[in-house]
Amino acid sequence: LNRSSDLKENQHMALLPQRANTPENSETLADRSSIPAGQHPVTITSSYYKTNKAKTGSFLGLEMKIFEGPAKGRQYTERLNLNNPSAIAVEIANKSLNSICAAIGLAGVADSEELHGKPFVVDLVEDDSNPQFPGNSVVAYLPYNGAGQTIASGTVQTGQAAPAWAANQQQA
């Protein structure tokens, strides 16, 4: 049934293009409040390079997902202005990307996909300067120190076996 052809404009009612809250259409909004301030272990789940709104440059978008702690499952997006008319914006973006690479233990990264699935910590503060759109700002990117392990240069510093992702990096 194609209900879009049945849409009618009426000030008293609105025929919807599809039925709401059905087994086929039941997804609800996730929590859109800012993530609590603090250090959160994350992995990058996806990345993309996109032209900015003003069409004067482009940014690298990094989608991060918190994988443990009270905010487990929450997502944070970082946008790095790697191509921008503002030299300061580009400098900040490069420093941020370098900090992420250092926290993961990688050097010479040429493709953002190399960052996917590798744990590190993002230290966030709440940025509620716009109450309509609460958000977060990054204070630092740090190595993940879970289960007594310190990740550095793709190896585990505790003498324990390296996780699979680190072993794969050592072979590259």
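Every chain begins its residue count from 1, and numbering advances along the sequence as written. In keeping with the predicted nature of the model, local features appear solely for residues at pLDDT of at least 70, side-chain atom pairs appear and are counted solely at 80 or more, and the whole-chain, interface and lining totals rest on all residues. Each side-chain value is derived from all of the structure's non-hydrogen atoms; neither hydrogens nor water enter the calculation.

(A) A look at the side chain of Lys 118. Only DSSP runs of H or I covering at least 4 residues are called helices, and only runs of E covering at least 2 are called strands; the numbering of each starts at the N terminus. The residue Lys 118 is located in the loop between α1 (87–104) and β4 (120–127) in this model. In protein, a polar contact requires one atom able to donate a hydrogen and another able to accept it; more generally it is a pair of N or O atoms within 3.5 Å, and residues adjacent in sequence count only if both atoms are side-chain atoms. Within the local environment of Lys 118, its side chain forms a polar contact with the backbone oxygen of Glu 114, the two atoms lying 2.8 Å apart.

(B) Summary view of the nonpolar core. Ile 44, Leu 62, Met 64, Ile 100, Leu 115, Phe 120 and Tyr 141 are the most contacted members of the largest nonpolar core, which has 22 residues in total. Elements with a contribution of two residues or more to this core: β1 (38–51), β2 (58–66), β3 (75–83), α1 and β4. In terms of residue count, the dominant contributor to this core is α1 (six residues). The contact criterion used is simple: two residues touch if any of their non-hydrogen atoms lie within 4.5 Å. Sequence-distant contacts of Ile 44, defined by excluding residues within four places in its chain, comprise Leu 62, Glu 63, Met 64, Ile 100, Leu 115, His 116, Gly 117, Lys 118 and Phe 120. In this description, a nonpolar core means a group of buried Ala, Val, Leu, Ile, Met, Phe, Trp, Tyr and Cys residues linked to one another through side-chain atoms lying within 4.5 Å. Exposure categories follow from relative accessible area, calculated using a 1.4 Å probe and restricted to protein chains: below 20% of the type maximum is buried, above 50% is exposed, and the middle band is partly exposed.

(C) Layout of unusual backbone geometry. In this structure, Asn 21 takes a positive phi of about 55 degrees despite not being glycine. By secondary structure assignment, the location of Asn 21 is in the segment before β1. Residue classification places Asn 21 among the exposed residues on the basis of a relative accessible area of 64%. The phi dihedral of Lys 55 falls on the positive side, at around 60 degrees, and the residue is not glycine. Here Lys 55 lies in the loop between β1 and β2.

(D) Summary view of α1. The end-to-end C-alpha distance of α1 is 26 Å, a good match for the 26 Å that 18 residues give at a rise of 1.5 Å each. All of the buried residues along α1 are Ala 89, Val 90, Ala 93, Ser 96, Leu 97, Ile 100, Cys 101, Ala 103 and Ile 104. The arc that holds the buried residues of α1, viewed along the axis, is 165 degrees, so those residues lie on one side. Of the exposed residues in α1, the ones pointing more than 90 degrees away from its buried face are Ala 87, Ile 88, Ile 92, Lys 95, Asn 98 and Ala 102. Gly 105, located one to two residues past α1, shows a positive phi value of around 95 degrees. What a helix is expected to span follows from its residue count: subtract one and scale by 1.5 Å. Starting at the helix axis, one direction is taken to each C-beta atom, and the arc is that of these directions.

(E) Representation of the environment of Leu 124 within the structure. Note that Leu 124 resides in strand β4. The exposure class of Leu 124 is buried, given its relative accessible area of 1%. Sequence spacing of Leu 124 and Val 138 is 14 residues, and the spatial spacing of their C-alpha atoms is 4.7 Å. When residues no more than four places from it in sequence are discounted, the contact partners of Leu 124 are Ile 35, Ala 37, Gly 38, His 40, Tyr 76, Asn 136, Ser 137, Val 138 and Val 139.

(F) Structural view of the packing of aromatic side chains. Centres within 6.5 Å are what make two rings of Phe, Tyr or Trp a pair, Trp counting through its six-membered ring; a difference in plane orientation under 30 degrees is then read as stacked, over 60 as edge-to-face, and the rest as tilted. According to the stated counting rule, one finds three aromatic pairs in the structure shown. A ring pair is formed by Phe 67 and Tyr 144, whose centres lie 5.1 Å apart and whose planes are at 70 degrees; its orientation type is edge-to-face. Residue Phe 67 is found in the loop between β2 and β3, and its partner Tyr 144 is found in the loop between β5 (135–143) and β6 (151–152); the two are separated by 77 residues along the sequence. Its relative accessible area of 27% is what places Phe 67 among the partly exposed residues. Centre to centre, the rings of Phe 120 and Tyr 141 are 6.1 Å apart; their planes meet at 55 degrees, and the pair counts as tilted. Remark: Tyr 141 occurs in strand β5 and Phe 120 occurs in strand β4; sequence separation between them is 21 residues. Take Phe 120 and Tyr 141: they sit in the same class, and that class is buried.

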